Amino acid sequence: MGGTLHYYHRYLRITSCLVFSSAAAAMMMTTTLPTKKIVLIGGGHAHVQVIKALNAATRPSNIEVTLIDMQSTASYSGMVPGCVSKLYNLEQVQIQIGPLAQWAGINFVQGKVVGMSLKDEDKKTVQVEVDDTNGGILQKKVPFDVVSVDIGSTTRDFNRIPGAKQFCISTRPISDLVVRIEKEEELLRERIRDGTCTSAQFVVVGGGPAGIELSLAIRARFNNMLDSKLSIILIDSSDGLVTSETPTCQRAMKSILSKYKIDIRLGLLVDEVTSSHVHVYSKSDECKREEIPYSHIIWATGAEAHELSWSLNKQCGLEVSEARGWIKVNSYLQSLSHRYIFAAGDCCEIVNGDKKSPPKAGVYAVRSGPILIENLTRFVGSKELVPYHPQDDFLKLLMCGDGTALGFRFGIPLYGKWVWQLKDYIDVMFMDLFDVSKLQKLDGKKGKYDTSQYDASIQRPPPLEVEDAAKLLLRTDDEVDFHRAWDVLRDMMADEQYKKDVLDAAKITLDKY
């Protein structure tokens, strides 16, 4: 979410790590280097990789790292709809960034960043509000040489549309979303027991990946409780869902939503939310207005810049996009206005010539992690930075809430139990990278930075024959081996001709339906 849908990039061989040469190591042992301070604002998907990599046993002894976040946990957006569906519990979808920082020997300041002091180049600080022991608030200044921002985003128009903040359940903060859903379930159960409720009407505003998955998650969570007396309406301002996908994939999406009885209402804009109705009007004709009743309403309208981005823009001139407030960075993830400020994930917009900045999806934060690790350490070492090259296409996986999932890759739809198993497998692999209970005890030896990814190079069997590969990807039965299907997808990414041949074979099959 924030990204919220689960997006996965092609198979990558991650081979680049920063390795200290013996000469450099010898120099560090004989020379006292000035202390360099790296500050990380936010525990997002990119920063958790930085925390792990810059542990005390790996980073040079003259580098100090501090993490600042309001919470000691960070929810992994890709697993949250599964949590709403009760396929996971809340603990399973949270990265324990406090304990991770402690494992890495990194300072952790739990508080709210309210600004930066940048007037003196040699005394730059991040200003943080922290709670004191008496229930008050203290101002803390955290010095830095380089700072990185990975704070995600907020929910678009949530504060602008009248009534939205008062009556809607927002998708952000993600941890609050799960807690709110759990509370609503408890209240609903009480009302069912005392006979004051026999049905529910959920409205989900926003037809992007987050809204789609949450609509399916609500069906999975509440359907049996209400004995199927549950209506779900998905509202979006666009003229179609997943419009960036092929017509075949769009039909598959529509079919899935129909199967789970999700009523789709397109071309509608929200004007106001009251305690019982959401007021909408037609995008093509403002005179066409409607009041849609609801018992519960979820606001899943996509990403909007954090208040902190606008605050830093006004306070110290940090360059942000004029319309949306995204922190503007170059291909090195470095601020266009302040060379010692970096940003990654949803909160930034990459400005790189005519190339379009990637969409707000978790995969881009994940894949930028290794680049951020390199560039933060290169910056304090006065070394040349390396560019981040976002991928053009990626595997998209949407859970259906019942142990199946729908995926899109190379323009073809993937559906079934095996697609959910693949999504779950990838998600859990990513989470395991930051589970302190599964990390090795640090032994104090200096070495290389760990930039490994969840899908780092894994030896695969020889590719399937083209027709067999196409048939496997299009199967929807429960007997599909998701490992083998994933091998096919990665073989297609690695070999352009093989990909073309498999897609041609798949198209012949799809055209029959």
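You'll find the structure just up there.
The residue count restarts for each chain, going from 1 along the sequence in the order it is written. The predicted nature of this model means local features are confined to residues of pLDDT at least 70 and side-chain atom pairs, given and counted, to a pLDDT of 80 or more, with totals for whole chains, interfaces and linings taken over all residues. Note that water and hydrogens are dropped before the side-chain values are worked out from all heavy atoms of the structure.

## Things to note about the layout of surface pockets
Vacant regions in the atomic arrangement are exposed by a probe of water-molecule size rolled over the atoms. Cavity and pocket criteria rest on a 1 Å grid covering protein atoms alone: a 1.4 Å probe that fits but cannot get out defines a cavity, protein on both sides within 12 Å along at least 5 of 7 lines defines an open pocket, and an atom within 4 Å of a point defines a lining residue. Grid points are joined across faces, edges and corners, and a volume is the space filled by probe spheres set on the points. Of the pockets and cavities examined, the second largest pocket occupies roughly 1,400 Å³. In terms of lining residues, the second largest pocket is bounded by 49 residues, among which Ile-151, Ser-153, Thr-154, Pro-173 and His-306 are the most central. Segments assigned H or I by DSSP are reported as helices when at least four residues long, segments assigned E as strands when at least two residues long, and all are numbered from the N terminus. Put simply, the parts of the chain that give the lining of the second largest pocket at least two residues each are strand E3 (63-69), strand E4 (74-75), strand E7 (112-117), strand E11 (154-155), helix H6 (174-193), helix H9 (307-316) and helix H10 (362-380). Each residue gets one of three labels, nonpolar for Ala, Val, Leu, Ile, Met, Phe, Trp, Tyr, Cys and Pro, charged for Asp, Glu, Lys and Arg, and polar for the others, Gly among them. Residues of the lining of the second largest pocket, tallied by class, amount to 17 nonpolar, 23 polar and nine charged.

## Examining the environment of His-279
In this fold, His-279 is placed in strand E17 (residues 277-282). Along the sequence, His-279 and Arg-289 sit 10 residues apart, while their C-alpha atoms lie 7.4 Å from each other. Whether two residues are in contact is decided by their heavy atoms: any pair within 4.5 Å suffices. Contacts of His-279, omitting those with residues within four sequence positions, involve Leu-269, Val-270, Asp-271, Glu-272, Thr-274, Glu-290 and Glu-291.

## Some words on the packing of helix H11 (residues 417-432) against helix H13 (residues 482-494)
To describe two helices that pack against each other, one gives the angle between their axes and the distance between the axes. The N-to-C vectors of H11 and H13 enclose an angle of 80°; their axes lie 9 Å apart at closest approach. Judged by the angle between their axes, H11 and H13 are roughly perpendicular. Between H11 and H13, the residues in contact are Trp-418, Gln-421, Leu-422, Tyr-425, Ile-426 and Met-429 and Phe-482, His-483, Ala-485 and Trp-486, respectively. Residues belonging to the contact of H11 with H13 are distributed by class as follows: eight nonpolar, two polar and no charged. Axis definition: a line fit to C-alpha positions, over the contact stretch in the case of helices; interaxial angles, taken between N-to-C directions, run 0 to 180 degrees. When describing relative orientation, an angle under 35 degrees is termed roughly parallel and one over 145 degrees roughly antiparallel, while 65 to 115 degrees is termed roughly perpendicular and anything else oblique.

## Concerning the state of the cysteines
Counting rule for disulfides: a pair of cysteine sulfur atoms within 2.5 Å. Evaluated as defined, the whole model comprises zero disulfides. Not part of a disulfide, Cys-168 finds its nearest cysteine sulfur in Cys-197, a span of 19 Å. Judged by its relative accessible area of 2%, Cys-168 falls in the buried class. Looking at Cys-400, it has no disulfide partner, and the nearest cysteine sulfur is the one in Cys-249, 14 Å off. We classify Cys-400 as buried; its relative accessible area is 2%. For every residue, the accessible area (1.4 Å probe, protein chains only) is compared with the maximum for its type, and the residue is labelled buried under 20%, exposed over 50%, or partly exposed between those bounds.

## Observations regarding the sheet that holds strand E18 (residues 289-293)
Pairing between strands is defined by DSSP: at least two bridges between the two strands are required. One open sheet accounts for three strands, arranged E16-E17-E18; its pairing is antiparallel. On the outer flanks of this sheet lie strand E16 (268-273) and E18, each paired with one strand and no other. Across the sheet, the axes of successive neighbouring strands diverge by a mean angle of 35°, strand direction being ignored. Two elements, E17 and E18, share five bridges in a ladder whose sense is antiparallel. Across the sheet, residue His-277 finds its bridge partner in E18, namely Pro-293.

## Remarks on the side chain of Thr-404
For Thr-404, the position within the fold is in the loop between strand E24 (394-399) and strand E25 (405-409). A relative accessible area of 13% places Thr-404 in the buried class. Those residues within four positions of Thr-404 in sequence are excluded, and the remaining contacts are Tyr-260, Met-399, Tyr-415, Gly-416, Lys-417 and Trp-420.

## A closer look at the pairing of strand E13 (residues 200-205)
Extensive coverage of E13 is indicated by the burial of five of its six residues. Of the pairings in the sheet, the one linking E13 to strand E14 (residues 230-235) comprises six bridges and is parallel in character. Among the inter-strand pairings, Val-205 is bridged to a residue of E14, identified as Ile-235. Crossover E13 to E14 through helix H7 (residues 209-222) is right-handed. The path from the first strand over the helix to the second decides the hand: if it runs clockwise while the strands point away from the viewer, the crossover is right-handed.

The quantities given are spatial measurements derived from coordinates; they are silent on function.
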